[in-house]
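Summary of the model geometry
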Amino acid sequence: TELNKKFNTTIIIIEHRLEMIIPIVSRVIVMNDGQIVFDGTTEDVLKTTILESLGIQTPKASLLIKQLLSKYPNLKLLQIPKTVDEAVKILEELL
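A closer look at the overall build of the protein chain
For the protein chain, the helix and strand inventory stands at six helices and two strands. Ordered by position in the sequence, the α and β elements of the protein chain form the string α-α-β-β-α-α-α-α. Seen through its C-alpha atoms, the protein chain measures out along the principal axes to roughly 40 × 35 × 20 Å. Counting all 95 residues of the protein chain, 24% fall into the buried class. Positive and negative side-chain charges in the protein chain, numbering 11 and 12 respectively, have mean positions lying 2 Å apart.

In structure tokens, the structure reads:
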């Protein structure tokens, strides 16, 4: 995002390890069998179940909070965390 704003350029990263890139990108395009099945923000892709349905490993921090939300649907969270540090902060606020 910073490079895009500073140099007015787009960088395309092809990566299967989402845990590595989710914290540094603002947009994710998910493909399956050569077709785009999701195109949106990192926050939106983490809120969906598209990754799990395709067998793509969801970042552990995001998965933990999503599992809490599925077990306790009354929890009100503003975001699904992208990093472990963000997940820790959310958990500290809940406790």
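That covers the picture; the talk isn't over yet.
Some points on the pairing of strand β2 (residues 35-41)
Inspection of the sheet shows strand β1 (residues 27-32) paired to β2 by six bridges, in the antiparallel sense. Directly across from arginine 27, in β2, lies its bridge partner threonine 41. In sequence, β1 turns back onto β2 through a hairpin of two residues, with aspartate 33 there showing a positive phi of about 50°.

Thoughts on the side chain of serine 62
Mapped onto the elements of the fold, serine 62 is located in helix α5 (residues 60-71). Contacts of serine 62, omitting those with residues within four sequence positions, involve Leu46, Ile80, Pro81 and Lys82.

Comments concerning the pattern of salt bridges
Counted by the stated rule, this structure contains four salt bridges. Note that aspartate 39 and arginine 27 form a salt bridge whose closest N and O atoms lie 2.8 Å from each other. Of this pair, aspartate 39 sits in strand β2 while arginine 27 sits in strand β1, and the two are twelve residues apart along the sequence. We note a salt bridge from glutamate 43 to lysine 82, for which the minimum N-O separation is 2.9 Å. Taken as a pair, glutamate 43 in helix α3 (residues 42-47) and lysine 82 in the loop between α5 and α6 (84-94) lie far apart in primary sequence, 39 residues in all. By relative accessible area, which is 31% here, glutamate 43 ends up partly exposed.

Quick notes on the nonpolar core
As a rule of thumb, nonpolar side chains are buried together in soluble globular proteins. The biggest cluster of nonpolar side chains holds 15 residues, and the ones touching the most others in it are Ile22, Val28, Val30, Val45, Leu46 and Leu51. Those elements that place two or more of their residues in this core are α2 (18-21), β1, α3, α5 and α6. Beyond its immediate chain neighbours, meaning those up to four positions away, leucine 46 contacts Ile22, Leu51, Pro59, Ser62, Lys66, Ile80, Pro81 and Lys82.

With respect to the confidence of the model for the protein chain
Of the residues in the protein chain, 99% reach a pLDDT of 70 or more, and the chain-wide mean stands at 87. Per-element confidence in the protein chain is highest for β2, whose mean pLDDT is 95, and lowest for helix α1 (residues 2-7), whose mean pLDDT is 78.

A short note on α5
Here α5 contains twelve residues, and its C-alpha end-to-end distance of 17 Å stays within 8% of the 16 Å for a straight helix at 1.5 Å per residue. Every buried residue belonging to α5 is among Ala61, Ser62, Ile65 and Lys66, and all of these are buried. The buried residues of α5 occupy an angular sector of 130° when projected down its axis, which confines them to one face. Along α5, exposed side chains directed more than 90 degrees from the buried face belong to Lys60, Ser70 and Lys71. On its buried side, α5 packs onto α3, α4 (50-53) and α6.

The rules behind each value
- Residues numbered from 1 in each chain as written.
- Predicted model: local features only at pLDDT ≥ 70, side-chain atom pairs only at ≥ 80, totals over all residues.
- Heavy atoms only, no water.
- Helix = DSSP H or I, 4+ residues; strand = E, 2+ residues; numbered from the N terminus.
- Buried < 20%, exposed > 50% of the residue type's maximum accessible area, 1.4 Å probe, protein only.
- Lys, Arg positive; Asp, Glu negative; His and termini not counted.
- Charge placed at Lys NZ, Arg CZ, Asp CG, Glu CD.
- Pairing = 2+ DSSP bridges.
- Contact = heavy atoms within 4.5 Å.
- Salt bridge = Lys/Arg side-chain N within 4 Å of Asp/Glu carboxyl O.
- Core = buried A, V, L, I, M, F, W, Y, C linked by side-chain atoms within 4.5 Å.
- pLDDT = per-residue confidence, 0-100.
- Expected span 1.5 Å × (residues − 1).
- Arc of directions from axis to C-beta.

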